[in-house]
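# Secondary and tertiary structure notes
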Amino acid sequence: MSKRGVIGGFARVFAAAAAFAAVAAGCADAAVLGAQVDNVAEVSYSLGASTPTLTTAPASFVIEAARTPSTIEFFRYAPSAPDAILARLNGSDYEPSPGAGFQPVGPLAAAGGALINTGSPVRLAPADAFYVGEPVIVRVSDSGQNGDPVTVETIVATIRTANGDFITLRLYESGPDSGEFYAYVPSSSGAPVQNDATLTIAQGAQLTARYQDAFDLNEVSTDTAGVDPFGRLFDSLTGALIDGATVTIVDDASGQPAPVMGIDGVSAYPSSLTTGQTVTDAGGMVYALGPGEFRFPIMFPGSYRLEVTPPAGYVAPSTVAAPSFAALANAPFTIIPASYGADFALTASGDVEFDFPLDPRTDIVVLKTADADTASIGDFVRYRISVENRAATSASVRIADTLPEGFRYQAGSARLGGAPLADP
């Protein structure tokens, strides 16, 4: 080989190496994540009147996403919420079976069936609970998945429910170069069918959204949400759920009834309701309340309190401390300061979910009498305690008798209606 041929071949190899460096460093906008790149080098040189070319075997690699932290979050459609964000939803697909490919979920619809225009950005608010019938929306934020800043890209996430449903969703980037991906799925009640285009949810059955980076299996994000949040009014002594009470949610600052939205995110919902009855919002959606239940579906950030007008035979707020409720019927109960009429704050749009005890109105008379007016050291003094409830409402009673200083209880002497009582 002549010196001329060696020099020509070296120059071409150097040019090819420089071009490869430019793709890696400066042309990432053309990268397709997950695509295989086959790199082949060609060397040509002059040999007399001919120009032979040598081609190397392919050197292949896959374009992977940058290793960046991710989050996955639940959102709901909330066009009136002051803390809502604007997001463009470019589609939502589901996988009917593993490896079968994705199909469109269908158009986005609010609770009640009204179609939502996704041709323009929609207003969404973070959600920590959903009501049956409203669409469930998820967002994954992962800047590393933004491989091409001029293309709307996709990723995959899943939602699992505690009542047995499961769906795999394909999320679409909200716009080129955003690094934020959204998908949605309608919700319903009934028997769950995995991998269909509807998420079957049930009261009390938690939802779990999960995202795993396809290029970094150690990068996993999850979020959870509840289903059908509500509050209950209950008897502080028995745990019985109480219907017929009027519950009003009030803006703590103004003292006026607070604005409430229905689960469609648009229709006004009554700020005052009666426990155990049905409620109808301005859009005509009917909410059937269970025994003792009250619901205020979507509230805006602010400070609120509940005003409760009990039915006959009860008073509010309760004077019974929360530890006493643990062993009652219908427990456990969610008890916070607002359960006793105190104000509470919502830092984000959401629901109201805590319970509220009511005390039975009783007219209990307790008498304690002794057989002797005087006693000396060592004498036995017999005494009686009688309890009478003169009200129309029954009540559970616990008697705690503390002896005066200098007295000691005589073991085995207690009687109830003449029958011996076990010693404490």
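Our subject is the structure that appears above.
Notes on the structure follow. Note that this is a predicted model, so its numbers are computed, not measured. (Residues numbered from 1 in each chain as written. Predicted model: local features only at pLDDT ≥ 70, side-chain atom pairs only at ≥ 80, totals over all residues. Heavy atoms only, no water.)

## Brief notes about the sheet that holds strand β30 (residues 356–360)
Pairing is mixed across the open sheet formed by 4 strands, whose spatial order is β26-β19-β30-β28. Of all strands in the sheet, those bounded by a partner on one side alone are β26 (293–294) and β28 (314–315). Relative to β30, β28 is paired through 2 bridges, and the arrangement is antiparallel. Paired with Val315 across the two strands is Asp359, which belongs to β30. (Pairing = 2+ DSSP bridges. Helix = DSSP H or I, 4+ residues; strand = E, 2+ residues; numbered from the N terminus.)

## Some thoughts on unusual backbone geometry
In this chain, Ala316 is followed by Pro317 through a cis amide linkage whose omega measures -5°. Take Pro317: it is sitting in the loop between β28 and β29 (344–346). Of note, the amide linkage connecting Ala331 to Pro332 takes the cis form, showing an omega dihedral of 5°. Of note, Asp228 is a non-glycine position whose phi angle comes to about 50°, a positive value. Relative to the elements of secondary structure, Asp228 occurs in the loop between β18 (220–227) and β19 (231–235). Under the relative-accessibility criterion, Asp228 is labelled buried at 12%. (Buried < 20%, exposed > 50% of the residue type's maximum accessible area, 1.4 Å probe, protein only.)

## Focus on the packing of aromatic side chains
Counted under the stated rule, the structure contains 10 aromatic pairs. Centroid distance Phe75 to Tyr182: 6.4 Å. Interplanar angle 65°. Geometry classified as edge-to-face. One end of the pair, Phe75, is in strand β5 (residues 71–77); the other, Tyr182, is in strand β14 (residues 180–185), with 107 residues separating them in the sequence. The same class applies to Phe75 and to Tyr182, which are both buried. One aromatic cluster in this structure is built from Tyr269, Tyr287, Phe294, Phe296, Tyr304, Phe344 and Phe354. The ring of Tyr383 has Lys368 lying over it, and the distance from NZ or CZ to the ring centre is 4.9 Å. (Phe/Tyr/Trp six-rings, centres within 6.5 Å; stacked < 30°, edge-to-face > 60°. Lys NZ or Arg CZ within 6 Å of the ring centre and 35° of its normal.)

Don't take any of this as a statement about function, it's just geometry.
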